[in-house]
Amino acid sequence: MSTRAVRQSLKTSELLGVPFVPVREEIASAATSPETPAEATGAADPPSAPGSGSRIEALEALRREHDAGCPHCTTVTGHTQTVFGEGNPDADLMFVGEAPGAEEDRTGRPFVGRAGQKLEEMIRAMGLDRGDVYIANVLKSRPPDNRTPLADEIAGCAPYLAEQIRIIEPRVIVALGGPAAKFMLDTATGITKLRGTWAQFDAGGLVVDVMPTFHPAYLLRNYTRDTRERVWADLQAVLTKLKSE
Ligand code: URA
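The rules we used
Residues numbered from 1 in each chain as written. Predicted model: local features only at pLDDT ≥ 70, side-chain atom pairs only at ≥ 80, totals over all residues. Heavy atoms only, no water. Helix = DSSP H or I, 4+ residues; strand = E, 2+ residues; numbered from the N terminus. Buried < 20%, exposed > 50% of the residue type's maximum accessible area, 1.4 Å probe, protein only. Contact = heavy atoms within 4.5 Å. Areas by Shrake-Rupley, 256 points an atom, 1.4 Å probe, with all protein chains shown as cover. Near = heavy atom within 4 Å. Polar contact = N/O pair within 3.5 Å; in protein donor to acceptor, adjacent residues only side chain to side chain. Nonpolar A, V, L, I, M, F, W, Y, C, P; charged D, E, K, R; others polar. Salt bridge = Lys/Arg side-chain N within 4 Å of Asp/Glu carboxyl O. Pairing = 2+ DSSP bridges. Axes fitted to C-alpha atoms, helices over the stretch in contact; angles between N-to-C directions. Expected span 1.5 Å × (residues − 1). Core = buried A, V, L, I, M, F, W, Y, C linked by side-chain atoms within 4.5 Å.

On to the overall build of the chain, then. Looking only at helices and strands, one finds 10 helices and six strands in the chain. Going through the 245 residues of the chain one by one, you find that 53% of them count as buried. If you take every contact in the chain between residues at least 6 apart in sequence, the share linking residues at least 24 apart comes to 73%. If you sum the accessible surface of the chain, you get close to 10,500 Å²; carbon and sulfur atoms cover 50% of it.

Let's shift gears to the site of the ligand. Lining the immediate environment of the ligand, one finds Gly97, Glu98, Ala99, Glu104, Pro110, Phe111, Asn137 and His215. A distance of 3.0 Å is found between a nitrogen atom of the ligand and a backbone nitrogen or oxygen belonging to Ala99. Phe111 is positioned with one of its backbone polar atoms (N or O) 2.9 Å from an oxygen atom of the ligand. Considering only residue class, the shell around the ligand consists of three nonpolar, three polar and two charged.

So, about the pattern of salt bridges. Under the counting rule described, the total for this entry stands at 16 salt bridges. For Glu86, the salt bridge identified is with Arg109, shortest N-O distance 2.8 Å. Taken together, the residues Glu86 in strand S1 (residues 86-87) and Arg109 in the loop between helix H4 (102-107) and helix H5 (114-125) connect sequence positions 23 residues apart. We note that Glu86, like Arg109, is buried. Across the pair Asp234 and Arg195 runs a salt bridge, and its minimum N-O distance is 2.8 Å.

Let us now look at unusual backbone geometry. Phi is positive for Asp145, which is not a glycine, with a value near 55°. On the secondary structure map, Asp145 appears in the loop between strand S3 (134-137) and helix H6 (151-168). For Asp145, a relative accessible area of 77% translates into the label exposed. Of note, Glu169 is a non-glycine position whose phi angle comes to about 55°, a positive value. By the element assignment, Glu169 lies in the loop between H6 and strand S4 (172-176).

Our focus in this paragraph is the sheet that holds strand S5 (residues 199-202). Strand order across the open sheet formed by six strands is S1-S3-S2-S4-S6-S5, with mixed pairing between neighbours. Edge positions in the open sheet fall to S1 and S5, since each of these has one partner strand only. Here four bridges tie strand S2 (residues 93-97) to S4, and the two strands are oriented parallel to one another. By the bridge assignment for S4, Met94 is matched with Ile173. Strands in contact with H6 are S2, S3, S4, S5 and strand S6 (207-213); relative to S3, the strand with the most contacts, it is inclined by about 165°.

A few words now on H5. Compared with the 16 Å implied by 1.5 Å per residue over 12 residues, the 17 Å span of H5 between its first and last C-alpha is a close match. Buried within H5 we find Ala115, Gly116, Lys118, Leu119, Glu120, Glu121, Met122, Ile123 and Ala125. Phi turns positive one or two residues past the end of H5, at Gly127, with a value near 85°.

Right, let's get into the nonpolar core. Among the nonpolar cores identified, the biggest contains 56 residues, and Leu93, Met94, Phe95, Met126 and Ile165 are the most heavily contacted of them. Sorting elements by how many residues they give to this core places H6 first, with nine residues. The residues contacting Leu93, other than those within four sequence positions of it, are Met126, Leu128, Val133, Tyr134, Pro170, Val172, Val174, Val238 and Leu242.

Looking now at the environment of His66. One can find His66 in helix H3 (residues 53-69). What makes His66 buried here is its relative accessible area of 0%. His66 sits 93 residues away from Pro159 along the chain, and the two C-alpha atoms are 9.6 Å apart. The contact partners of His66, leaving out residues within four places of it in the chain, are Cys73, Thr74, Thr82, Lys140, Cys157 and Tyr160. Polar contacts involving the side chain of His66 include one to the side chain of Asp67, which spans 2.8 Å.

Moving on to the environment of Tyr218. Checked against the element boundaries, Tyr218 lands in helix H9 (residues 216-221). In this structure Tyr218 comes out as partly exposed when scored by relative accessible area, which is 28%. The spatial distance from the C-alpha of Tyr218 to the C-alpha of Gly177 is 7.8 Å, given a sequence separation of 41 residues.

What is shown is where atoms sit, not what they do.
So this is what it looks like as structure tokens:
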């Protein structure tokens, strides 16, 4: 095992509190698109991974279309800007959260607050960097008082997420937390029951494998060994799937 892999393994046990679990380098690299550089951006920086031009353009066009026409985001008040999503447009792996929080609303970037730092730890524990993956939310504007998104808000905004997914064509999506998992799996079942079992999301012609897991904010609130082991098991299943296909 290389020094990098050992470092990752040690980091993994440190971050997720599981026994020494090596991240196999060949699995980690399988999660990265061929055109993605091995060493990606720093954790706090906006990803600068090169993507295919057509995907970048399509995402930019979708962003404009969303900001001008999303039935939810153009009518809701109380947020300062929309948070479209960011990352490698050619990513094999996509993370979908619930909605922007205060820090995301301030910066216009997904998962940059405390939950975002935890998500970055999870991504690094997988042997990846933030710039290797694409990160988005079900809702692209912050709900008032940070409350859970309502069904009609999701109905208005989520079609743009589906289009985002059709453009990126990830092989695997990790649904972070109850609202994202319930939306993607079209179910009322809670995340505790859903997590750890593969499901699929039909993005409208493109069906993508989905692994539901706990939201990093839940991990922060429930930082038990058991919770961390469950999340780590889910992420390992994702790595195995990416490697196997
Ligand atoms: N929580 C989310 O679900 N999404 C973010 O972007 C930040 C926090």
